[in-house]
Structures are given as C-alpha cells and as structure tokens.
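# Close look at the chain arrangement
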Amino acid sequence: MSIPSSFIERLIASVNIVDVIGRRITLERKGGGYWAKCPFHGSGEERTASFKVYEDTGTYHCFSCKESGNAIHFLRKYDGVDFIEAVEILASQVGMEVPKQEVAIDTSVAIKINNRAAEIFYEQLKSNDGINTVSYLKERGISGDTAKFFQLGYSANKKPSLYECLEKEFGEEDINESGLFGKNDNGDLYDRFRDRLMFPIRNIKGECIAFGGRLIKDKKDQAKYLNSPETKTYKKKYELYGLFEIRQIDKRPDSIFLVEGYMDVIGLYQHGIKNAVASSGTAFTEEQLRKILSYTNSIYIVFDGDEAGYKASWRAAENALPLLREDTRISFIFLDSDDDPDSFIKRNGKEAFLNLAKNSKSFSEFFIETIKEQDDLSSVEGRSMVARFALPLVNKISNDTLKQAYINEISKICDLDLSKVIKGETSIKKKNTQQQQEEVKTNSSSVLRKSVLGIFTALIQHPKLANLEEFDLIQKESKFTFLRDAQDIYLENFETPASIILEKIENEKIKNIFGEALVSEIKLSKEDASSMIRDCIELISQSNAEREEILKEKYNMQELTSSEKRELQQIILKKDKMSQEEAALIKNLSSN
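A short tour of the structure in this document, coming up. (Residues numbered from 1 in each chain as written. Predicted model: local features only at pLDDT ≥ 70, side-chain atom pairs only at ≥ 80, totals over all residues. Heavy atoms only, no water.)

### What about the overall build of the protein?
Using the following cut-off: The secondary structure listing takes helices from DSSP runs of H or I that are at least 4 residues long and strands from runs of E that are at least 2 residues long, numbered from the N terminus. Per-residue and other accessible areas follow the Shrake-Rupley method at a 1.4 Å probe size, with only the shown protein chains counted as cover for residues.
Across its full length, the protein holds 26 helices and 16 strands. Here the protein displays about 29,800 Å² of accessible surface, and carbon together with sulfur accounts for 46% of that area.

Written out as structure tokens, the structure reads:
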C-alpha cells in the first residue's frame with residue numbers, strides 16, 4: 001500500500017503535534033512552545049529540557065542532538081512503527097480514512113477475500129448447516145441481533161468448501177496468502193476453519209482482516225480456538241477484537257474494558273456493556289494499549305480469575321509502563337478463579353459488573369503489591385532483591401512526574417534511595433551521551449553544514465527566493481542536489497508548510513538541518529537572505545571542485561585511503577564529460 005502525498009499533507013495539517021507527542025512524553029509549556037527532555041538521546045536524563053515542540057508549524061526539534069521532524073517522524077522513531085502504521089495511527093485520531101493506492105504490496109484483494117469469507121460464514125450460520133451453532137449461541141444467551149452486530153458466522157465442513165466458493169472469484173496466489181487455508185502433504189489447499197463458530201476480526205474501518213474460530217463441541221487433537229495466522233492484512237500485536245464495534249456506538253467512549261476472549265466481548269455486549277475489546281488471541285501488547293489510549297484515557301483490564309489471567313494482567317501492566325501519564329487511568333478487575341467476564345455478567349448482571357469497575361484496583365496499587373511480593377521485606381537482602389526487580393520496570397516509565405513518584409514509593413518500601421541506584425545504572429549512558437554531543441558540536445562547525453543551514457534558513461523565511469538563478473550552479477551530480485529538491489517544492493507552492501517539506505526530506509541528517517533552520521532565531525531581511533543563498537551556494541560549488549583537487553593531489557602523493565579512492569571515482573564518474581586523463585585515472589584507481 002502507498003498513500004497519496006496529498007493525503008499526507010492534509011493529515012499533517014489536521015493533527016495537533018502537541019497532542020500526539022504529549023500522549024507519550026511529558027511536555028511543559030514555556031513561552032510560545034512546549035518543552036521536554038529529549039526522548040531520543042540521553043535516556044531522559046538531561047538536566048534541562050532541549051526538546052521543543054512547535055504547535056504552529058507542526059514540528060519538533062532537539063537543540064542538543066538536532067533530531068527534527070513532524071508528527072509522523074515522531075511516531076516512527078518513538079513508537080517504532082513503520083510509515084504506514086504511523087499514518088494510520090494519526091488518521092484514526094482525527095477521524096480520517098487513509099486512501100490506498102495499488103502498488104507492489106496491496107491489501108485490497110486480501111480484504112475482499114476476507115470480507116467475502118465473512119459473508120459466506122454469515123450465510124452458513126443462517127442455513128440448516130448452522131443450526132447447532134445457533135443453538136449454542138442461544139444457550140450462551142446471545143441474541144440474533146447481537147450475532148448480526150458482530151457478523152458471527154459458521155464454517156461448514158461440507159461441500160462446497162470455502163476454497164471452492166472463493167476460487168471462482170479470486171486468484172490462487174491471493175487465496176493462498178489470505179490465511180484462510182492450509183496445505184496438505186500433496187500441496188492441495190484445504191479450509192483452515194471447519195465446523196466452527198466464526199468471529200470476524202475487523203480493523204478500525206470495519207474491513208475484515210482475519211478470523212477467530214471456536215469449536216462448538218470438543219474434538220480430539222483440535223484446539224478449542226483457532227486464529228488466523230499473520231498476513232499482509234493482519235498483525236496480531238496491533239489489532240483488538242471489538243474496537244470497530246465500540247466506535248459504531250461511541251467514537252470517544254468514557255472507558256474501555258479489556259478482556260481475553262471473543263465470547264467475553266460478545267457476552268458483555270449482550271448484557272449492556274458495549275465498550276469491551278479483546279486482544280485477538282495474543283498477549284496484550286504495548287501497541288494495543290497505545291491504540292486504546294487513542295480513544296479513551298480510562299481502561300479496565302478484566303482477565304480470567306485463574307493464575308494465567310493474573311499473569312496476563314501483570315504482563316499488561318509491564319507493557320503499560322512506557323505509556324503512563326497523569327491523566328491515564330488503568331485499573332484491574334480480578335474475578336474469582338472459576339470466573340470469566342462472560343460467566344460473571346450472565347450470572348450477576350450489568351450492575352454487578354459495573355460495581356466491579358467501581359471497586360477495581362488502580363494500576364499503582366497492583367504494581368506496588370506485586371513489587372512487594374517478590375521477596376521478604378523484613379531483611380536487607382529481601383529489600384535489595386525487591387529493588388533490583390523494580391529498577392528496570394521503573395526505568396520504563398517515560399513520564400517524569402510519575403517516574404519520580406514511583407521511585408519515591410519504592411524507595412520507602414525498600415528503605416533505600418532508588419534514584420541513586422538509577423543514577424549509577426545510567427552513568428555509562430551519560431558518558432556516551434556527552435561523547436555524542438561533542439560529535440554533534442564538531443559537525444556543527446562544518447563550513448558546508450553551515451552553508452546548507454544558511455540556505456534552508458533563508459528559504460524558510462523568504463520562500464520566493466527559490467526563484468534565484470544561483471540554484472542552477474548546483475550540478476545534478478552534486479551531493480547537494482537535495483537543495484534543488486527543496487527549491488522545487490517551494491517553486492510549486494510558496495506557501496508549502498515546513499512540516500510538509502520535512503516529510504519529503506528522506507535523509508535523516510538533512511532533515512535535522514532543515515529542522516534546525518526552522519527554529520533559528522536569526523531573522524533575515526529579504527536582501528540579507530538573498531545574499532546568504534548566493535554566498536552559500538558559491539561556497540558549496542567551490543567545495544566540490546576543491547575536494548576533487550585535494551583528492552587528486554593525495555593520489556599523486558600516493559596517500560589516498562580506500563574510501564577516498566571510491567570518493568574520487570564517484571566524483572569523476574558523475575561528470576557529464578570525462579577527459580582522457582580522468583578516464584586513465586579511473587582505470588588506475590580500479591586496479592590499485
């Protein structure tokens with residue numbers, strides 16, 4: 001899938017970068033911007049904030065490590081997602097639908113196959129073949145309206161098979177990649193889901209991307225639940241069963257219940273709790289939590305009351321640590337060992353379930369209780385073990401205020417100053433950070449870097465200077481052709497926002513220089529900006545020729561390193577015309 005650049009521009013203009021970044025790190029408003037300790041260097045251990053977010057331009061910049069970008073860049077680097085995932089996260093937050101363009105990797109056919117399979121399963125549930133499954137749903141107290149709302153279905157174990165139905169409409173390769181089929185020893189495809197109650201898993205747009213299937217009666221050597229494998233449409237760690245359905249009822253629910261199973265979601269819905277999601281047959285992930293927090297700040301985690309449910313709750317707590325904020329409320333509901341959300345609400349009703357939420361255990365309470373249980377707090381050794389257990393967990397907390405609060409709390413429990421232990425753990429990281437900062441300062445003193453910075457600064461403040469003829473001096477073989485690209489963007493539209501230009505710059509170093517120019521406090525008149533562009537381009541043009549002469553001189557002195565030989569070769573090969581002397585030089589460089 002590729003996304004049209006016009007949509008990216010509309011999306012960047014629609015999102016509030018302060019809201020996007022503020023959900024992930026602590027921002028403090030000062031003057032006309034928002035400041036934070038940079039999340040990309042120093043492990044959040046800076047003494048003073050160097051990371052600034054500019055709401056008016058939709059960009060951010062770190063004055064220490066020079067990291068710059070827009071909301072998409074931030075999500076890609078901070079959340080560790082790819083470009084398309086970052087766009088989809090932002091689009092879901094502002095209610096925009098991401099348009100798709102067919103390219104080499106296209107999910108449109110896969111979506112059509114899954115949607116068609118969901119229709120077939122739904123029709124089979126209503127047919128005579130689905131009678132036993134319908135009876136099962138009735139026994140579980142699930143009405144026809146609820147089954148229709150969730151598009152429940154039945155996968156028949158008879159002719160014509162699902163494969164035979166789909167092969168009339170879709171190609172063999174697309175069917176094979178859908179995840180709906182397996183291959184036998186002969187290489188023939190067979191239906192993965194047979195004689196099962198089917199749960200279509202839909203993405204935030206309502207497209208069917210995968211399935212869960214449940215046996216109605218236990219069968220030997222068959223798992224009760226079977227889920228689709230990961231495919232081009234389905235990445236388990238990002239998807240939540242029931243989230244699309246919640247948003248059909250309420251786009252911004254006050255709270256969301258996180259449960260383990262499909263039937264828990266459906267059973268709660270049947271009894272009036274219409275804001276529950278399940279983690280699609282996988283352990284609850286940080287990515288799923290981040291997705292929930294895009295729609296609500298209040299989450300109740302309700303896993304089964306057995307030991308496995310308790311362990312799953314603790315894993316959820318660990319995954320939540322990097323996302324904790326003062327306005328985030330995560331609570332835990334622990335059922336009896338023989339209960340699950342579906343059985344509890346069926347037996348006790350909606351009000352009793354809501355009372356569980358009122359009496360739920362806060363995140364901090366559950367976290368501290370679990371910390372205390374790790375060893376005997378009456379001994380020095382035990383308290384040390386508890387501190388050692390807590391240390392890496394507390395370090396996951398990115399919110400400075402909450403992190404300090406947890407450090408203080410655990411310090412009281414363990415009767416030691418945890419902050420000093422943390423400082424000891426991070427001393428090596430600090431040394432590395434200082435070295436990195438020195439490298440940054442060295443790079444900043446580069447004449448060429450300053451020239452590029454000057455050109456960007458002048459263009460940002462006076463975009464119409466992109467008409468200057470001096471840009472023609474930058475040859476197409478030059479390593480500074482990115483300046484011509486920036487010129488072209490401005491020539492196309494002098495009003496192009498800086499955040500859009502940042503998105504179009506692919507090279508990370510160049511993007512950071514542009515970001516530095518964007519936040520420059522030097523104000524240039526049009527005349528001064530014009531002079532700066534002329535002078536800087538002249539210097540850049542000279543530098544290429546000078547570099548070539550320097551390398552040739554070193555070649556004559558037989559002092560070229562291997563990397564310098566390659567550099568000189570590239571300079572000569574990129575020329576439109578090559579002299580006989582240069583052709584001979586290329587040959588000699590290749591043979592040496």
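### What about the sheet that holds strand β13 (residues 276-278)?
Remark on secondary structure: sheet strands pair via backbone hydrogen bonds, oriented parallel or antiparallel. Under the convention used in this document: We treat two strands as partners when DSSP finds at least two bridges between them.
Taken in spatial order, the five strands make up an open sheet running β13-β12-β14-β15-β16, and their pairing is mixed. A strand with exactly one partner marks an edge of an open sheet, and here the two such strands are β13 and β16 (361-362). Here six bridges tie strand β14 (residues 298-303) to strand β15 (residues 329-334), and the two strands are oriented parallel to one another. By the bridge assignment for β15, V302 is matched with I333.

### Some remarks on helix α1 (residues 5-14)
The following threshold applies: Only protein chains enter the accessibility calculation, which uses a 1.4 Å probe; a residue whose area is less than 20% of its type maximum is buried, one above 50% is exposed, and one in between is partly exposed. By arc we mean the arc of the directions from the helix axis to the C-beta atoms, nothing more. Contact between two residues is taken to exist if any of their heavy atoms lie within 4.5 Å; hydrogens are not considered.
Looking only at α1, the buried set comprises F7, I8, L11 and I12. One face of α1 carries all of its buried residues, which in axial projection span an arc of 135 degrees. Looking at the buried positions of α1, the neighbouring elements they touch are α3 (71-78), α4 (83-94) and α22 (498-504).

### Notes on the state of the cysteines
Threshold: Cysteine sulfurs are considered disulfide-paired once they come within 2.5 Å of each other.
Counted according to the given criterion, the structure contains zero disulfides. Left unpaired, C62 is separated from the closest cysteine sulfur, that of C65, by 3.6 Å.

### A closer look at the pattern of salt bridges
Note on pairing: side chains with opposite charge can pair once their charged atoms come close. As a reminder, the rule being used: Just to be clear on terms, a salt bridge is a Lys or Arg side-chain nitrogen sitting within 4 Å of an Asp or Glu carboxyl oxygen.
Counting across every chain of the model gives 22 salt bridges. Between R140 and D342 there is a salt bridge; the shortest N-O distance is 2.5 Å. Taken together, the residues R140 in the loop between α6 (131-139) and α7 (144-149) and D342 in helix α14 (residues 341-348) connect sequence positions 202 residues apart. Considered together, R140 and D342 belong to a single accessibility category, that of buried residues. One salt-bridge network, in which partners are shared between bridges, spans K66, R449 and E516.

### Some thoughts on the side chain of H61
Short version of the rule: In the analysis that follows, any N or O atom pair within 3.5 Å is treated as a polar contact, provided that within protein one partner can donate a hydrogen and the other can accept it, and provided that, for residues neighboring in sequence, both atoms belong to side chains.
Residue position: H61 is located in strand β4 (residues 59-62). Take H61: its relative accessible area is 0%, and that puts it in the buried class. Here S68 takes part through its side chain, which lies 2.4 Å from a polar atom of the side chain of H61. Contact partners of H61, with chain neighbours within four places excluded, come to S50, F51, K52, Y54, K66, E67, S68, N512, G515, E516 and V519.

Purely spatial values, then, with no claim about function.
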